Amino acid sequence: MNTQANIATQGLKTVISSCLLILLLATKLQAAEFDHQYTAYDALLKEVVKVSENKKQTRVDYQRLAIHPESIAKILQVFSAVTQTQYDSWATEQKLSFLINAYNGFTMQLIVNNWSQFKLGEASSIRDLGSLFTSAWEKKFFTLLGKKHNLDDIEHEMIRKWFKEPRIHAALVCAAVSCPPLRDEAFVAEQLSEQLENQMELFLADNSRNEIIIAKHRGQAYLSSIFSWYRGDFEKGEGGFNSLYDVLNKYSEAIVKGDKDEQAQRNVLKGNDFPILFKDYDWRLNDVANF
């Protein structure tokens, strides 16, 4: 009997081990199947994101997306199918790229889902899609990592908590005119740092959003409200930034205008003692009609 029991026990252990091996292989296969190059999403962005002549701003052709809503829906279904276990198996750059793409993708879907309101003139901003008690960013309208989520969850509960990367504020686009430009390509792990750096440069180079003004021999910085809302993220030493002055000095070549005040602006930036003010935010939809 003992011999039979031992054989049965060994057999059970073998079955369990085989099942665990199959599960492990299936998990690895599932992780390998996700397209970290975002081929379909990248192609969609190239189709609907329009770049301004000066290359500093972009707008989205939401009408085109609304005509074929399944195009973005299918892509985001793939995003939603990613499990927490699968996500946890990825490298840091893959995780952050995924969350940035997800935020921007689901933001576009929110606009497309409510496009009729914009067409009828009932909405002109993403803020109009909220309710008395719930903002647009608090609406749980999609699944991510196995749970229902909203846009605030991705930005504040995931990206800002899990990563020490202040440059994400030049990459997350909330569908407003004053937002940083939505890239016409997907964020990918192999180029993530370079893409984030380029986003910061593009954002700060757009003088409608960020600029150094010389008036009465005194310099002032007028920055996007984004730098006011998330100032703390730029003052923690992350990315080498301990203050907004550090940000402006690092990207001085981007923010300085090539005009008669150029040298004066450079001198102001070197001083690190000029006042920093913040511009009003233009919440109109970043649609091609608002170029």
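Our structure is the block above this text.
This one's a predicted model, so the numbers in the text were calculated from it and none came from an experiment.

Asker: Is there a simple way to explain the nonpolar core in this structure?
Answerer: Side chains of nonpolar character tend, in soluble globular proteins, to be buried together. The biggest cluster of nonpolar side chains holds 84 residues, and the ones touching the most others in it are Phe98, Ile100, Leu144 and Ile154. If we ignore the near neighbours within four places in the chain, the residues touching Ile154 are Leu99, Ala102, Tyr103, Phe106, Phe142, Leu144 and Ile159.

Asker: I keep staring at the pairing of strand E6 (residues 218-223) and nothing clicks. Help me out?
Answerer: For a regular strand, side-chain orientation follows a simple rule: the groups alternate between the two sheet faces. Side-chain alternation along E6 places Gly219, Ala221 and Leu223 on a buried face and Arg218, Gln220 and Tyr222 on a face that remains uncovered. Pairing between E6 and strand E7 (residues 276-278): three bridges, direction parallel. Across the sheet, residue Leu223 finds its bridge partner in E7, namely Phe278.

Asker: Can you help me understand the environment of Lys148 in this one?
Answerer: As for its position among the elements, Lys148 is in strand E4 (residues 147-149). Note: C-alpha distance between Lys148 and Ser80 (68 residues apart in sequence) is 9.5 Å.

Asker: Can you walk me through the pairing of strand E5 (residues 211-215) in this structure?
Answerer: Examined bridge by bridge, E5 and E6 share five bridges and lie antiparallel to one another. Bridge pairing in E6 places Ile213 opposite Gln220. Hairpin remark: E5 followed by E6, antiparallel, with two residues in the connecting loop; positive phi at Lys216, about 55 degrees.

Asker: What's the story with the sheet that holds E7 in this structure? I'm lost.
Answerer: Paired through their backbone hydrogen bonds, the strands of a sheet run either parallel or antiparallel. The three strands are arranged E5-E6-E7 in an open sheet whose pairing can be described as mixed. Edge positions in the sheet fall to E5 and E7, since each has one partner strand and no second. When strand polarity is set aside, the average angle formed by the axes of neighbouring strands in this sheet is 35 degrees. In the packing of helix H13 (residues 262-271) onto the sheet, contacts are made with E5 and E6, and the angle to E5 comes to roughly 105 degrees.

Asker: Teacher, can you tell me more about the side chain of Lys95 here?
Answerer: Here Lys95 is to be found in helix H6 (residues 92-113). For the buried Lys95, no salt bridge is present, and the opposite-charge side chain at shortest range is Asp88, 4.8 Å distant. Apart from residues no more than four positions distant in its own chain, Lys95 is found in contact with Tyr87, Asp88, Trp90 and Phe163.

Thresholds, definitions, all that
- Residues numbered from 1 in each chain as written.
- Predicted model: local features only at pLDDT ≥ 70, side-chain atom pairs only at ≥ 80, totals over all residues.
- Heavy atoms only, no water.
- Core = buried A, V, L, I, M, F, W, Y, C linked by side-chain atoms within 4.5 Å.
- Buried < 20%, exposed > 50% of the residue type's maximum accessible area, 1.4 Å probe, protein only.
- Contact = heavy atoms within 4.5 Å.
- Helix = DSSP H or I, 4+ residues; strand = E, 2+ residues; numbered from the N terminus.
- Pairing = 2+ DSSP bridges.
- Axes fitted to C-alpha atoms, helices over the stretch in contact; angles between N-to-C directions.
- Lys, Arg positive; Asp, Glu negative; His and termini not counted.
- Salt bridge = Lys/Arg side-chain N within 4 Å of Asp/Glu carboxyl O.

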